[in-house]
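Chains, contacts and geometry: an overview
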Amino acid sequence: MPRGFRISARIDEDQNLIVFNISGDIDSKALVDKWIETYAGLEEPWLYNRLLDYRRADGLVDVNELERFAVWWEGRTQGIDYSLKAAIIVNNPLDARRVHTVDSLFPHDIRKSFDSLDDALTWL
């Protein structure tokens, strides 16, 4: 695992929200493993909006790992008609533009980037 990489997940049952805080040099495999672990523990994970806070993270998530999560997620949600929001908090405009590069992997997500926690929570 890269030095300083950390990820935590907090599930807010009242708001149907999962908050992922990511910091340090991104370890894509560890990140996706945590997503899978978190969602696997929920009976109906498609009911939970996501907030991913990358403000203290460095680097990019490997596309192969994103594809691995997309395959797992599709298998978990197969046959379910759902829509969820994914708020991604980033520090710079380039990262904000990258948010939509994975739209085709997660066609049921409505994804939007933010530069503040308050704006992201308001949108969710």
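The residue numbering used here restarts from 1 in each chain and proceeds along that chain's sequence as written. Local features in this predicted model are restricted to residues whose pLDDT is 70 or higher, and side-chain atom pairs enter the listing and the counts only when it is 80 or higher, whereas totals over whole chains, interfaces and linings include all residues. In computing side-chain values, all of the structure's heavy atoms are included and hydrogens and water are not.

With respect to the side chain of S28
The cut-off we apply is this: Runs of E in the DSSP output that reach at least two residues are strands. Runs of H or I that reach at least four are helices, and both are numbered from the N terminus. Remark: exposure states derive from per-residue accessible area (1.4 Å probe, protein chains only) relative to the maximum for the residue type, with buried under 20%, exposed over 50%, and partly exposed in between. Any pair of residues with heavy atoms lying within 4.5 Å of one another is described as a contacting pair.
Here S28 is to be found in helix 1 (residues 28–40). The class of S28 is buried, set by a relative accessible area of 10%. Setting aside residues no more than four positions away along its own chain, S28 makes contact with L60, V61, D62 and E65.

Some points on unusual backbone geometry
The phi torsion of most residues other than glycine is negative, and most of the peptide bonds are trans. Residue N16 is not a glycine yet carries a positive backbone phi of 50°. The topology assignment puts N16 in the loop between strand 1 (6–12) and strand 2 (17–25).

As for the nonpolar core
Where a protein is soluble and globular, its nonpolar side chains tend to be buried together. Stated precisely, the cut-off is as follows: Definition of nonpolar core: a set of buried residues of the types Ala, Val, Leu, Ile, Met, Phe, Trp, Tyr and Cys, connected through side-chain atoms within 4.5 Å.
Counting 31 residues, the largest nonpolar core has F20, I22, L31, W35, Y54, F69 and W73 as the members making the most contacts within it. Of all the secondary-structure elements, those providing two or more residues to this core are strand 2, helix 1, strand 3 (49–58), helix 2 (63–77) and strand 4 (84–89). When residues no more than four places from it in sequence are discounted, the contact partners of L31 are F5, I7, I22, I26, Y54 and V61. In this structure, L17, V19, A87 and F114 belong to the second largest nonpolar core, which totals 8 residues.

Quick look at the layout of surface pockets
As a reminder, the rule being used: Lining residues are defined by having an atom within 4 Å of a point belonging to a cavity or pocket. Those points lie on a 1 Å grid over the protein atoms alone, cavities being sets where a 1.4 Å probe fits but cannot get out and pockets being open sets with protein on both sides within 12 Å along at least five of seven lines. Grid points are joined across faces, edges and corners, and a volume is the space filled by probe spheres set on the points. Under the convention adopted here, Pro, Cys and the residues Ala, Val, Leu, Ile, Met, Phe, Trp and Tyr are nonpolar, Asp, Glu, Lys and Arg are charged, and Gly plus all remaining residues are polar.
Of the pockets and cavities examined, the largest pocket occupies roughly 640 Å³. Lining the largest pocket are 29 residues, and of these Y54, V61, L66, I88 and V99 lie nearest its centre. Looking at the lining of the largest pocket, the elements with two or more residues in it are helix 1, strand 3, helix 2, strand 4, helix 3 (93–98) and strand 5 (109–114). Per-element accounting of the lining of the largest pocket gives the leading share, 6 residues, to strand 3. By residue class, the composition of the lining of the largest pocket is 18 nonpolar, 4 polar and 7 charged.

Observations concerning the sheet that holds strand 3
Here is the rule: At least two DSSP bridges between two strands are needed for those strands to be called paired. Angles run from 0 to 180 degrees between N-to-C directions of axes, and those axes are lines fitted to C-alpha atoms, restricted for helices to the stretch in contact.
The strand order across the open sheet built from 5 strands is 1-2-3-4-5, with neighbouring strands paired in mixed fashion. Where the open sheet ends on each side, the last strands, each with one partner, are strand 1 and strand 5. Within the sheet, the average angular offset between the axes of one strand and its neighbour, ignoring direction, is 15°. Sitting on the sheet, helix 1 touches strand 1, strand 2 and strand 3, and the angle it makes with strand 2 is about 160°.

Brief notes about the pairing of strand 5
Basically, it comes down to this: The handedness rule is simple: strands pointing away from the viewer, and a clockwise path from the first strand over the helix to the second, make the crossover right-handed.
The pairing of strand 4 with strand 5 spans 6 bridges and is parallel. Counted as the bridge partner of L84 is D109 from strand 5. Remark: the strand 4/helix 3/strand 5 crossover connection has right-handed handedness.

The values reported here are purely geometric and, on their own, carry no functional implication.
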